[in-house]
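# Inside the fold
Single-letter residue listing:
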Amino acid sequence: MNFIDLFSGCGGFSEGFYKEGFKSLLHVDFDEASCQSIKHRLGQLKYPIGEIESSVICGDLTLEQTHLEIESVLHGKQIDVLVGGPPCQSFSTVGRAQDKNSMRNDPRNYLFKRYLDILEKYRPKVFVFENVSGLLTAKPGGNFIFPEIVRNMSEHYDVVDAPDTVLLNSVHYGVPQERKRVILIGVRKDLSFKSKDVYNAIRKTHYSPAMERSGETAGLKKYRTVKDAISDLPKLQPGQGSNNILFTPKSQNKYLKELRSSKLKYLLNHVARSHNEKDQERYRILAKHNWQLKDLAEVRPDLVHHDPKHFGNRYTVQRFDLPGKTVVAHLYKDGNLFIHPDSSQNRTFTVREAARVQSFPDDFEFKGSRTNQFKQVGNAVPPLMAGEIARAIKLFIS
């Protein structure tokens, strides 16, 4: 079984497919640091050096040259699965809200067409298309784009478009994070199974906090939390940490046993950002009381320089007792949405802490600058969720 990964980022989607025994034929991404992360990972997985260099294409899918390089790698090969998530900033409700034209003029609106070009040319047995939940309501040209995408995919593929089927939340698959994403799965029409069969095979293993409140927990495990994900990591003050340190956790919960081999003796990408004194005090008080900005404004107005009514969520403490909020690429700009819940550390998340909440294995090393590492983590598909999708597909094509 093989797969190719378009708009691959650092390879979160791929992680799930490697784990289920799929062989990678191709990765394509525009970002050089992401491509370096993938090459390093493939080296760890014992792919031949020559194969790594030719099959990881750092290129722009809007350029013909990139498609010629893809052709040279895939020529004559039958592809089992195509996965990918075209850049989604212009489909996200946050992105639309922050742009005066609701991102109607953003060229990224139409990168999905490059995905469709590859789909049409190589006709894999199955495809998986990932995007933000805002895709369901995006109207970049004045018309809803989701039906157009599904219509284009449906010529040769059986595709389900019901929102309650295609919108998956990573927390249900053992990821300690609430992350709702559109996952479109298409099955080539000449095959003996349907898209709905694959969705039915994707196992929901954990209930969410919302399901807990409504009493819908029967037969499911409790959601995993931020505490499950990061409580074993070395404590850091702002500016402390190293990209590679010797580390053996004192104990491991069930989640960490999935992410970290007992033989692993090091810890990667655990470096805290530097923060000024005012930020540190702000983080310390917010974390100590688990407050929002409006609470802080009442007690320490000197620490609040945004209107709490409009920027209430701008500073968010991640709670130890709940899954993390959605890890986003905005982390590369600042970590204010990911304030560490331990008030004694008065800082925001490290790359490794964000990666733990995303379910990346501890031996996965993010390359490039720390700023870029945050972007890679925030843009990725959580590997544990990707693995469950891969397992369901494998049932039908293996």
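A quick note: this is a predicted structure, and the numbers were derived from the prediction, not measured. (Residues numbered from 1 in each chain as written. Predicted model: local features only at pLDDT ≥ 70, side-chain atom pairs only at ≥ 80, totals over all residues. Heavy atoms only, no water.)

### So, the nonpolar core
This is how it is decided: For our purposes a nonpolar core is just a set of buried Ala, Val, Leu, Ile, Met, Phe, Trp, Tyr and Cys residues, chained together by side-chain atoms within 4.5 Å. Classification of residues uses two cut-offs on accessible area relative to the type maximum, computed with a 1.4 Å probe and protein chains only: under 20% is buried, over 50% is exposed, and between them is partly exposed. Helix and strand assignments come from DSSP, with helices taken as H or I runs of at least 4 residues and strands as E runs of at least 2, each series counted from the N terminus.
Judged by nonpolar contacts, the single largest core of 94 residues is most densely connected at Val-81, Phe-127, Met-153, Leu-184 and Ile-393. In terms of residues, this core owes the most to one element, helix H17 (residues 383-397), which gives 8 residues. Judged by nonpolar contacts, the second largest core, of 11 residues, contains Ile-285, Ala-287, Leu-293 and Val-317.

### Focus on the environment of Ser-54
Here is the rule: As used in this structure description, the phrase polar contact means that two N or O atoms lie within 3.5 Å; if the pair is within protein, one of them must be able to donate a hydrogen and the other to accept it, and residues adjacent in sequence are counted only when both atoms belong to side chains.
Topologically, Ser-54 is positioned in helix H3 (residues 49-55). According to the relative accessible area criterion, Ser-54 is partly exposed, its value standing at 40%. Note: C-alpha distance between Ser-54 and Val-73 (19 residues apart in sequence) is 7.1 Å. At a separation of 3.2 Å, a polar atom in the side chain of Ser-54 contacts the main-chain carbonyl oxygen of Glu-51.

### Points about the packing of helix H6 (residues 112-122) against helix H7 (residues 146-153)
Quick note on the threshold: Every axis in this analysis is a line fitted to C-alpha atoms, fitted for helices over the stretch in contact. Angles between the N-to-C directions lie between 0 and 180 degrees. Any angle between 65 and 115 degrees counts as roughly perpendicular, while under 35 counts as roughly parallel, over 145 as roughly antiparallel, and the rest as oblique. The contact criterion used throughout is that any non-hydrogen atoms of two residues lie within 4.5 Å. Polarity classes work like this: nonpolar for Ala, Val, Leu, Ile, Met, Phe, Trp, Tyr, Cys and Pro, charged for Asp, Glu, Lys and Arg, and polar for all others, with Gly in that last group.
Interhelical geometry of H6 versus H7 gives an angle of 10° and a closest axis separation of 11 Å. What the angle tells us is that H6 and H7 run roughly parallel. Each of Phe-112, Lys-113, Tyr-115, Leu-116 and Leu-119 in H6 lies in contact with H7, whose residues at this interface are Glu-148, Ile-149, Asn-152 and Met-153. Of the residues in the contact of H6 with H7, the class split is 6 nonpolar, 1 polar and 2 charged.

### Quick notes on the side chain of Ser-14
The topology assignment puts Ser-14 in helix H1 (residues 12-19). With relative accessibility at 0%, the residue Ser-14 sits in the buried group. In terms of polar contacts, Ser-14 uses its side chain to reach the side chain of Asp-5, at 2.7 Å. Not counting residues within four places of it along the chain, the set of residues in contact with Ser-14 comprises Phe-3, Asp-5 and His-27.

### Quick notes on the state of the cysteines
The test is simple: Our working definition of a disulfide is a cysteine sulfur pair at a distance within 2.5 Å.
Scanning the entire structure with this criterion turns up 0 disulfides. With no disulfide of its own, Cys-10 lies 11 Å from the sulfur of Cys-35, the closest cysteine sulfur. Assessed through its relative accessible area of 2%, Cys-35 is described here as buried.

### What about unusual backbone geometry?
Positive phi outside glycine occurs at Phe-7, with the angle close to 50°. Within the secondary structure layout, Phe-7 lies in the loop between strand E1 (2-6) and H1. Owing to a relative accessible area of 13%, Phe-7 belongs among the buried residues under this scheme. At Asn-269, a residue that is not glycine, the phi angle is positive and equals roughly 60°. Within the secondary structure, Asn-269 sits in strand E10 (residues 266-271).

### Details of the pattern of salt bridges
Condition: Salt bridges are defined as contacts in which a side-chain nitrogen from Lys or Arg sits within 4 Å of a carboxyl oxygen from Asp or Glu.
The final tally for this structure, using the stated rule, is 26 salt bridges. Asp-232 serves as the salt-bridge partner of Arg-356, at 2.7 Å between the closest nitrogen and oxygen. Of this pair, Arg-356 sits in helix H15 (residues 351-358) while Asp-232 sits in the loop between helix H11 (226-230) and strand E9 (241-246); the two residues are 124 residues apart in sequence, bridging distant segments of the chain. Overall, Asp-232 belongs to the buried group, its relative accessible area being 17%. A salt bridge links Lys-294 to Asp-295; its shortest N-O distance comes to 3.7 Å. Judged by relative accessible area, Asp-295 falls into the partly exposed class, the value being 21%.

### Structural notes on the packing of aromatic side chains
Spelled out, the test is: Between the rings of Phe, Tyr and Trp (Trp by its six-membered ring), a pair exists once the centres lie within 6.5 Å; its type follows the angle of the planes, with under 30 degrees stacked, over 60 edge-to-face, and the other angles tilted. Charges are assigned to positions over rings by a cutoff of 6 Å between ring centre and Lys NZ or Arg CZ, combined with an angular limit of 35 degrees from the ring normal.
Evaluated as defined, the whole model comprises 13 aromatic pairs. Centroid distance Phe-127 to Tyr-157: 5.2 Å. Interplanar angle 70°. Geometry classified as edge-to-face. Of this pair, Phe-127 sits in strand E5 (residues 126-132) while Tyr-157 sits in strand E6 (residues 157-159); the two residues are 30 residues apart in sequence, bridging distant segments of the chain. Judged by relative accessible area, Phe-127 falls into the buried class, the value being 0%. One cation-aromatic arrangement involves Lys-139 over Phe-144; the distance from NZ or CZ to the ring centre is 4.8 Å. The ring centre of Tyr-332 lies 4.2 Å from the NZ or CZ of Lys-375, which sits over that ring.

By themselves these figures say nothing about function.
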